[in-house]
Amino acid sequence: EDKVVQSPLSLVVHEGDTVTLNCSYEVTNFRSLLWYKQEKKAPTFLFMLTSSGIEKKSGRLSSILDKKELFSILNITATQTGDSAVYLCAVVGQGAQKLVFGQGTRLTINP
Amino acid sequence: GAGVSQSPRYKVAKRGQDVALRCDPISGHVSLFWYQQALGQGPEFLTYFQNEAQLDKSGLPSDRFFAERPEGSVSTLKIQRTQQEDSAVYLCASSLSGTSGQRPGAKNIQYFGAGTRLSVL
């Protein structure tokens, strides 16, 4: 059974700090890993990673995948209060379309 | 439309009532997914459509759950004889691509609606 584990489950930091969120997975015939940000509404897409070692970057957010060790990290630098959200990691296996999600990391940025 | 639209946003049902939740995907998106998200948990897959065909319903928790997408666009998730454990946020997502054999790319990204929060009393 495909499985995704995120850590930490909850994180509280001060504005301006840098945070690293972790995602490890077990999936049959890995195809892709996706990161989403969920505030009090729709999860919004951040990154899709398919190849090991290639960093995806968007502004202060970046993510990288290690297919050998079966994990991904999401980095946020110079955090802002607007970064407060639940960050979800999900994987897709070969032959499947569905996303298998982790439990999420609840990130709180205090001013 | 500009994004995935779900209605109603909130639904309160008495135990035993039937409910219907609607999803309007992004125009032109072939694939449509339903997920159930319990409080404090990540979304869990319920079912998947490619156009009007329901290709995977392995996540539906019981035969009280039924989904359809008759014209390959709007989808409805129906829950019969609701129970308290059905209380959750029901998320709908759509993606442009309908194939799983190709190299994953932007066409496979699932875009989510804001969800319907169902409370069963």
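The preceding data block contains the structure.
1. With respect to the environment of Ser72(A)
Residues and elements named next belong to chain A.
No. 1: With respect to the secondary-structure elements, Ser-72 resides in strand E8 (residues 71–76).
No. 2: With 49 residues separating them in the primary sequence, Ser-72 and Cys-23 have C-alpha atoms 5.1 Å apart.
No. 3: Contact partners of Ser-72, with chain neighbours within four places excluded, come to Leu-21, Asn-22, Cys-23, Leu-33, Trp-35, Leu-49, Ser-63, Ile-64 and Leu-65.
No. 4: Within the structure, the side chain of Ser-72 is placed 3.1 Å from the side chain of Trp-35, a separation counted as a polar contact.
No. 5: At 3.4 Å, the side chain of Ser-72 and the side chain of Ser-63 are in polar contact.

2. Looking at the pattern of salt bridges
Where side chains of opposite charge bring their charged atoms close, a pairing between them can arise.
Residue and element names in this part refer to chain A.
No. 1: All told, the structure shown has 4 salt bridges over all chains when counted by the stated rule.
No. 2: For Asp-83, the salt bridge identified is with Arg-60, shortest N-O distance 2.8 Å. With a gap of 23 residues between them, Asp-83 in the loop between E8 and strand E9 (85–93) and Arg-60 in the loop between strand E6 (56–58) and strand E7 (61–66) connect regions that are remote in the sequence.
No. 3: For Arg-60, a relative accessible area of 24% translates into the label partly exposed.

3. Some details on the packing of aromatic side chains
No. 1: For the structure shown, the criterion picks out 10 aromatic pairs over all chains.
No. 2: Between the aromatic rings of Tyr36(A) and Phe101(A), the centroid separation amounts to 6.1 Å while the plane-to-plane angle is 50°, which identifies the pairing as tilted. In this pair, Tyr36(A) is assigned in strand E4 (residues 30–38) and Phe101(A) in strand E10 (residues 100–101), connecting sequence segments 65 residues apart.
No. 3: In this structure Tyr36(A) comes out as buried when scored by relative accessible area, which is 0%.
No. 4: Its relative accessible area of 9% is what places Phe101(A) among the buried residues.
No. 5: For the ring pair Tyr36(A) and Phe112(B), a centre distance of 5.3 Å and an interplane angle of 90° mean the geometry is edge-to-face. Of this pair, Tyr36(A) sits in strand E4 while Phe112(B) is found in strand E10 (residues 111–112), placing the two residues in two different chains.
No. 6: Phe112(B) gets classed as buried once you look at its relative accessible area, which sits at 8%.
No. 7: Members of the aromatic cluster, connected to one another through ring pairs, are Tyr36(A), Phe45(A), Phe101(A), Phe33(B), Tyr35(B), Phe45(B), Tyr48(B) and Phe112(B).

Basis of the calculations
- Residues numbered from 1 in each chain as written.
- Chains lettered and ligands numbered in written order.
- Predicted model: local features only at pLDDT ≥ 70, side-chain atom pairs only at ≥ 80, totals over all residues.
- Heavy atoms only, no water.
- Helix = DSSP H or I, 4+ residues; strand = E, 2+ residues; numbered from the N terminus.
- Contact = heavy atoms within 4.5 Å.
- Polar contact = N/O pair within 3.5 Å; in protein donor to acceptor, adjacent residues only side chain to side chain.
- Salt bridge = Lys/Arg side-chain N within 4 Å of Asp/Glu carboxyl O.
- Buried < 20%, exposed > 50% of the residue type's maximum accessible area, 1.4 Å probe, protein only.
- Phe/Tyr/Trp six-rings, centres within 6.5 Å; stacked < 30°, edge-to-face > 60°.

By themselves, these figures tell us nothing about what the structure is for.
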